[in-house]
Amino acid sequence: MKTSFFKIFFASLLALLIFSLIIFLIGVWMIGNATQTPKPVIGNKGLLVVDLGIEYKEQAQDDAIGFLFGNPASNIPGLYDMIRMIHYAKTDSSIKGIYIKAGDNANGFASSEELRKAIIDFKQSKKFVIAYGEVMSQKAYYVATAADKIYCHPNGGLEWDGFSSSLYFVKGLLDKLEIEPQIFYAGKFKSATEPFRAVQMTEPNRLQTTVWLGDLYSNFLQQVANSRNLDTAALHKLATDGSVQTAADALKYNLVDGLKYDDEVKEEILKMLGQDEKVTINYVASGKYAQAADYMQNNGDDKIAIIYAQGDIVDGKGDDDEIGSDKFVDIIRKARQDDDVKAIVFRVNSPGGSSLASDIIWREISLAKKVKPVVVSMGNLGASGGYYISCNADSVFADATTITGSIGVFSIIPNMQSFFKDKLGVTFDGVKTAPYADMGSSGRPLSEMEKHFMQASVDSIYYTFKKNVAEGRKKDIVYIDSIAQGRVWTGQRAIDIGLVDKTGTLQDAVECAARIAKIKNYKTQEYPEKKSVLEQLLSGSYKNAVKENTIKEDIGEQQYNLLMQMKKVQQMFYTPQARLPFEFDIR
């Protein structure tokens, strides 16, 4: 009986091992086979699709599972990839036009600005651009105004309400829970801590938000007015009067060119392509075009390193969607020490984060600048710590709608003594060898002397921040203090006050770096280097993406964003932060 059991056990174990080995070999074969998949064929009379519902992050997002099964079109190009593809399509005979899917827009204002500029440039080829959306958001409409024709579903609509920015406050919740957020900050506009210490916006925060939100809205109105041959005042009045409530209203006020069903839009496109109505339109997804087109145009022995810094700035290596100080120091140092790299373009899209991690990255940028040109290009955000790591470059570019500045520091130490005692019945006691040995413990409040220590630390970091900005921007520190104070600026205003040099795209920054380095024929090398499909699967990054999408589907996009904001709140505790005032929601 016992012998029979062991025979069955070992036979089953062997079968499991053999099965696992077979699965592994099949996986390796699939990876190898997918890697060798030939370039997709575009075919004739292609229509490049710019889907605004997709978020084009700074770097391409490879779909590991789609890649394994030979479906490269499932990959999502990076923003710069999209810009270069649109420019390439301008002279690509297989592409006859662009189709903008303009329902919602998952991209930030600066990203949308770069896409819009590229599409306007594309139109110089005399190829057509059509935009269509069933229900168009204002941000999607902004990009859509680059099209020759904008169509809306007859029973859909166009959002035309003006811009708003909302902020949530949790002070009342913390009071009910008897949790005291002991807050220390430098800069009267540094309002990142407002949700924990106030129940509504402070006047300085209301002032700065009114200004930067007004700047975004003015830019929006001006660009729409230019494209539609309308007056900005009349456009603003449509929003204040609530005049655009239906698709018919949008047509009445010349915001769109027609109300059409999807089949009617397809019929018009086929006519423009000179094709029979029975022909299927050759829509070319951006992921497919990225695989098929030679849009990189890299030639020459010299290199320009493009380093993408997107996400929160954190200590250590960080995750794939974070700017980890250890990881980025290694990347910048590698580019600095590579003699073939003649210049560095540092693409920053960050609200900031850890002040220490920001200073560590700033130091490495400063070292690189001594050896070769360093040019910064800001995306949607280059604020607080995001500005810290940018300020010492040879030249700083930003889009007009980039959110930047926010030069300030804060720190939060939670005191949860009453919460533990009154709500949970938990108390704390212990022994220490010095009065400040347990400083920062959440189980007791800080003493007055400890509060003095904390504020002094924040003030010291703030001074260093201002000093580094003053040196990098070649300004007096007193002047920098006057425009700092944690205040948020748009890219256009940042030029006026000297925090940014020029408005421009990432491509403009690359061309600037080439001029400073005095090179003409060059290729770009992008960092962080892409992970292979196998690395993605083994690292669990794809698993995390699936998990994120699953949670979003279960609880909804807005609730998920709130959950992520609360998670970031935890990261703010204890570690001094150079972070954007708040997670603002613009609609």
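Below is a summary of the structure that appears in this document.

Cut-off values and rules
- Residues numbered from 1 in each chain as written.
- Predicted model: local features only at pLDDT ≥ 70, side-chain atom pairs only at ≥ 80, totals over all residues.
- Heavy atoms only, no water.
- Helix = DSSP H or I, 4+ residues; strand = E, 2+ residues; numbered from the N terminus.
- Contact = heavy atoms within 4.5 Å.
- Phe/Tyr/Trp six-rings, centres within 6.5 Å; stacked < 30°, edge-to-face > 60°.
- Buried < 20%, exposed > 50% of the residue type's maximum accessible area, 1.4 Å probe, protein only.
- Core = buried A, V, L, I, M, F, W, Y, C linked by side-chain atoms within 4.5 Å.
- Pairing = 2+ DSSP bridges.
- Axes fitted to C-alpha atoms, helices over the stretch in contact; angles between N-to-C directions.
- Salt bridge = Lys/Arg side-chain N within 4 Å of Asp/Glu carboxyl O.

Description of the environment of G382
Here's step 1: By the element assignment, G382 lies in strand β14 (residues 374-383).
Here's step 2: The spacing of G382 and V348 is 34 residues in sequence and 6.0 Å in space, taken between C-alpha atoms.
Here's step 3: Setting aside chain neighbours within four positions, we find G382 in contact with V348, S350, Y387, T402, I403, T404 and G405.

Things to note about the packing of aromatic side chains
Here's step 1: Under the definition given, this model contains 14 aromatic pairs.
Here's step 2: Between F163 and Y217, the aromatic rings sit 5.1 Å apart at their centres with planes inclined by 55°, giving tilted as the arrangement. Of the two residues, F163 sits in the loop between β4 (149-158) and β5 (165-166) while Y217 sits in helix α8 (residues 203-228), which places them 54 residues apart along the sequence.
Here's step 3: Overall, the relative accessible area of 12% leaves Y217 in the buried class.

Some details on the nonpolar core
Here's step 1: I86, I100, W160, L255 and Y289 are the most contacted members of the largest nonpolar core, which totals 61 residues.
Here's step 2: If one sorts the elements of this core by residue count, α8 sits on top with eight residues.
Here's step 3: Not counting the four nearest positions on each side in its chain, I100 is found in contact with V50, L52, I119, V129, I130, A131, Y132, V143, A144 and A147.

Looking at the sheet that holds strand β7 (residues 258-259)
Here's step 1: Strand order in this open sheet of six strands is β7-β4-β3-β2-β1-β8, and the pairing throughout is parallel. Each edge of the sheet is formed by a strand with only one pairing partner; in this case those strands are β7 and β8 (282-284).
Here's step 2: Judged from the six bridges that link them, strand β3 (residues 128-136) and β4 form a sheet pairing that is parallel. If you follow A131 over to β4, its bridge partner there is I150.
Here's step 3: Where helix α3 (residues 79-89) meets the sheet, it contacts β1 (46-51) and β2 (95-101), and its direction lies at approximately 155° from that of β1.

Remarks on the pattern of salt bridges
Here's step 1: One pass over the structure, following the stated rule, counts 28 salt bridges.
Here's step 2: Note that D175 is salt-bridged to K171, the shortest N-O span being 2.9 Å. Highlighted residues: D175 and K171, both in helix α6 (residues 171-177), separated by four residues, approximately one helical turn.
Here's step 3: For D175, a relative accessible area of 46% puts it in the partly exposed group.
Here's step 4: Assessed through its relative accessible area of 25%, K171 is described here as partly exposed.
Here's step 5: Here K432 and D438 are joined by a salt bridge, their closest N and O atoms 3.0 Å apart.
Here's step 6: According to the relative accessible area criterion, D438 is partly exposed, its value standing at 28%.
Here's step 7: The network of salt bridges with common partners includes K432, D438, R444 and E450.

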